[in-house]
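# Descriptive structure summary
The residues making up each chain are set out below.
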Amino acid sequence: MQAQILVIFGASGDLAQRKLLPALCSLYAGKSLAKDFLVLGVSRTAKTDDSWRAEIKSSLHDKPAIDEFVKNIFYQQIDTANPNEYSVLSEKIKVLLKGREMPANVVFYLAVPPHLSAQIPSWLAAQGLNNQEDGFKRLVLEKPFGHDLPSAKKLNMDLLEHWQEEQIYRIDHYLGKETVQNLLVFRFANEIFDAMWNHRFVDYVEITAAETLGVENRSGYFDSSGSTRDMLQNHLLQVLAMVAMDPPLSYDAESVRNETMKIFKSLRPFNQYDLENKVVFGQNIGAKVKGEQIKAYREENGVPKDSRTETFVALKAYIDHYRWNNVPFYLRTGKRLPTRVTEIVIHFKPTPHPAFVGNPSGVIGNNQLVIRIQPDEGILLKIGLKEPGSGFKVKTVNMDFHYKDLSHIRVPDSYERLLMDAMLGDATLYALGQAVEYCWEFVDPILHYKEAEAKIWGYSAGTWGPLLADELMARDGRQWRYPCKCLTSDGETCEL
Ligand code: BG6
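Heads up: these notes are all about the structure in this document.

Each value, and the rule that gives it
Residues numbered from 1 in each chain as written. Predicted model: local features only at pLDDT ≥ 70, side-chain atom pairs only at ≥ 80, totals over all residues. Heavy atoms only, no water. Near = heavy atom within 4 Å. Polar contact = N/O pair within 3.5 Å; in protein donor to acceptor, adjacent residues only side chain to side chain. Areas by Shrake-Rupley, 256 points an atom, 1.4 Å probe, with all protein chains shown as cover. 1 Å grid on protein atoms, 1.4 Å probe; cavity = no way out; pocket = protein on both sides within 12 Å on 5 of 7 lines; lining within 4 Å. Sits in = over half its atoms within 2 Å of the grid points. Helix = DSSP H or I, 4+ residues; strand = E, 2+ residues; numbered from the N terminus. Nonpolar A, V, L, I, M, F, W, Y, C, P; charged D, E, K, R; others polar. Buried < 20%, exposed > 50% of the residue type's maximum accessible area, 1.4 Å probe, protein only. Contact = heavy atoms within 4.5 Å. Axes fitted to C-alpha atoms, helices over the stretch in contact; angles between N-to-C directions. Parallel < 35°, antiparallel > 145°, perpendicular 65-115°, else oblique. Points joined across faces, edges and corners; volume = space filled by probe spheres on them.

### Points about the site of the ligand
Every residue lining the ligand is accounted for by Lys143, His173, Tyr174, Lys177, Glu211, Arg218, Asp230, Met231, His235, Lys335, Arg340 and Gln374. The side chain of Lys143 places a nitrogen or oxygen atom 3.0 Å from an oxygen atom of the ligand. In the environment of the ligand, an oxygen atom lies 2.9 Å from a nitrogen or oxygen atom belonging to the side chain of Lys335. Relative to its unbound accessible area of 390 Å², the ligand is 82% covered by the protein chains. Put simply, the ligand lies in the largest pocket. When residues in the shell around the ligand are grouped by element, the largest group, three residues, is from helix H10 (residues 226–244). Per-class residue counts for the shell around the ligand are two nonpolar, three polar and seven charged.

Have a look at this one:
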């Protein structure tokens, strides 16, 4: 890795404390960072280098490395919303570079409110801080990338006025998850799976991202966003693209992102019938969950009493692509659901000649492949086997792999991987501006429908969303998998 400065805007915020600095410290402890590696925190709160160092120590976990790590950390207070103060930042960068034999390589990480995402890059450019003659300059942006298609297009245009697409790294932290990346390896390094990864063998696909938490202290942001913008438009569609994409020519940024882009472009747009029949919105109402009284969404701090913001969305999508001809993809995400779990389930078609139907064991399940993103990360394949004894009783059994069994290998946090890639200049796991626009193109009609006329169905906290979400599947003679924390437990009580 080349020597560089990582400038974090929003340094006193939650993301920097909770994710970015611990990830950097861990990379430092693992000796993955350059020798000349500096972090410059920027925000409007008054702090000194020393006071910031003291403050962040408590959020770092790699104890033996902390004291050395924080020596590389500096702080600059500026009013980040005031363009006139950016000369101060530019000077500070010069001071940090002075005396160090390193090029002026700088990565700007913007963990800031959305309205500053376009402004800060232009104010940096006004100081010449986008100029790559003396070293690379990169921008790492956190979502949201706009709140609909027009605003996403405007954001992209504003960014491209002063920066090149190659300099822009749009973060989707789901792509940093080890298990999401493993999808590429699992699919394309195992011919037995890839050969069946198409409409001939796959009946349908489920993607679930469930959370037990509510909006916590983010109601201001969430109430103007909702689950569709917050989770579906980005994380769920990115995961869907990794599941559905064709094999890339190679594993460089261009090839991988071209393939995922084709999937976004091929998402079949929803017409009025689809909107009325294939999308379900929900909002959680209060309930007692495991002995604890959970508030209704509308009772959360800062949420308007008549809010129509959805805390749950489920839909049935199609991809107009040769490989996926008429294979439905059912997606759902929600807050205050029974467990925190993200997983993909590939449901294979039944055998063409059901020789064992009518056997006394009852229903023979079709093969299912469960790819667990979190927690209990792993892979589960459900297959039918003969139960020992007379006759041909078929029993569904599990073949499973759990990442935790690789006990000698630590699964890194997604921010570790993503920060590292941005610093190395590898954009494979970052979203292209055009891809973000395609995702909005698909999601925009869904949002318009929700905002204009859709019903938002109540669901009790601690349940799997509105009953209509179950009906969405039941109408097709299907059923969601109801997972629990433990990959193999299949919704049975699990003490994990
Ligand atoms: C964020 C959303 O992008 O992802 C949050 O804004 C959500 O609302 C979070 O809680 C979920 O991330 P993870 O990694 O915990 O699944």
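So much for the structure itself; the text now carries on.
### Details of the side chain of Gln238
Structurally, Gln238 can be placed in helix H10. Its relative accessible area of 8% is what places Gln238 among the buried residues. Non-local contacts of Gln238, meaning those with residues more than four positions away in its chain, are made with Asp172, Leu175, Phe264 and Ala431.

### Observations concerning the packing of helix H6 (residues 149–162) against helix H14 (residues 433–452)
Here H6 crosses H14 at 170°, and the two axes come no closer than 9 Å. Looking at the two axes, H6 sits roughly antiparallel to H14. Within the contact between the two elements, H6 uses Leu149, Pro150, Ala152, Lys153 and Asn156 and H14 uses Gly433, Glu437, Trp440, Glu441 and Asp444. Among the residues making up the contact of H6 with H14, the classes are represented as four nonpolar, two polar and four charged.

### Focus: the side chain of Gln4
Position of Gln4 relative to the elements: it lies in strand E1 (residues 4–9). A polar contact is formed between the side chain of Gln4 and the backbone oxygen of Gln2, at a distance of 2.9 Å. Once residues lying within four places of it in the same chain are set aside, the contact partners of Gln4 are Asp36, Phe37, Leu38, Met102, Asn105, Val107, Phe136 and Met423.

### Quick look at the environment of Lys63
Note on placement: Lys63 falls in helix H3 (residues 63–70). Residues Lys63 and Ala118, spaced 55 residues apart in sequence, show a C-alpha to C-alpha distance of 37 Å. A distance of 3.2 Å separates the side chain of Lys63 from the backbone oxygen of Leu60, its partner in a polar contact.

### Considering unusual backbone geometry
With an omega of 5°, the peptide bond running from Lys143 to Pro144 counts as cis. Residue placement: Pro144 occurs in the loop between strand E5 (137–141) and H6. Cis geometry marks the peptide bond from Gln374 to Pro375; its omega dihedral reads -20°. If you trace the backbone, Pro375 turns up in the loop between strand E14 (368–374) and strand E15 (378–386). In this model, Lys31 sits at a positive phi of 55°, which is unusual for a non-glycine residue.

### Details of the layout of surface pockets
In this structure, the largest pocket occupies an estimated 1,600 Å³ of space. Lining the largest pocket are 44 residues, with Asp14, Leu15, Arg18, Arg218 and Tyr415 positioned closest to its centre. Those elements giving two or more residues to the lining of the largest pocket turn out to be helix H1 (14–29), helix H7 (178–188), H10, E14 and helix H13 (414–424). Among the elements that take part in the lining of the largest pocket, H1 stands out by supplying four residues, more than any other.

### Things to note about empty space enclosed by the protein
Counted by the stated rule, this structure contains two cavities of 30 Å³ or more. In this structure, the largest cavity encloses a volume near 100 Å³. In terms of lining residues, the largest cavity is bounded by 14 residues, among which Leu175, Gln238, Arg257, Thr260 and Tyr430 are the most central. Mapped by element, the contributors of at least two residues to the lining of the largest cavity are H10 and helix H11 (253–266). Among the elements that line the lining of the largest cavity, the one with the most residues is H11, at five residues. Residue composition of the lining of the largest cavity, grouped by class: 10 nonpolar, three polar and one charged. Approximately 60 Å³ is the volume found for the second largest cavity. Phe145, Asp172, Gln233, Asn234, Gln238, Ala431, Val436 and Cys439 together form the lining of the second largest cavity. Among the elements of the structure, H10 and H14 are those that each provide at least two residues to the lining of the second largest cavity.

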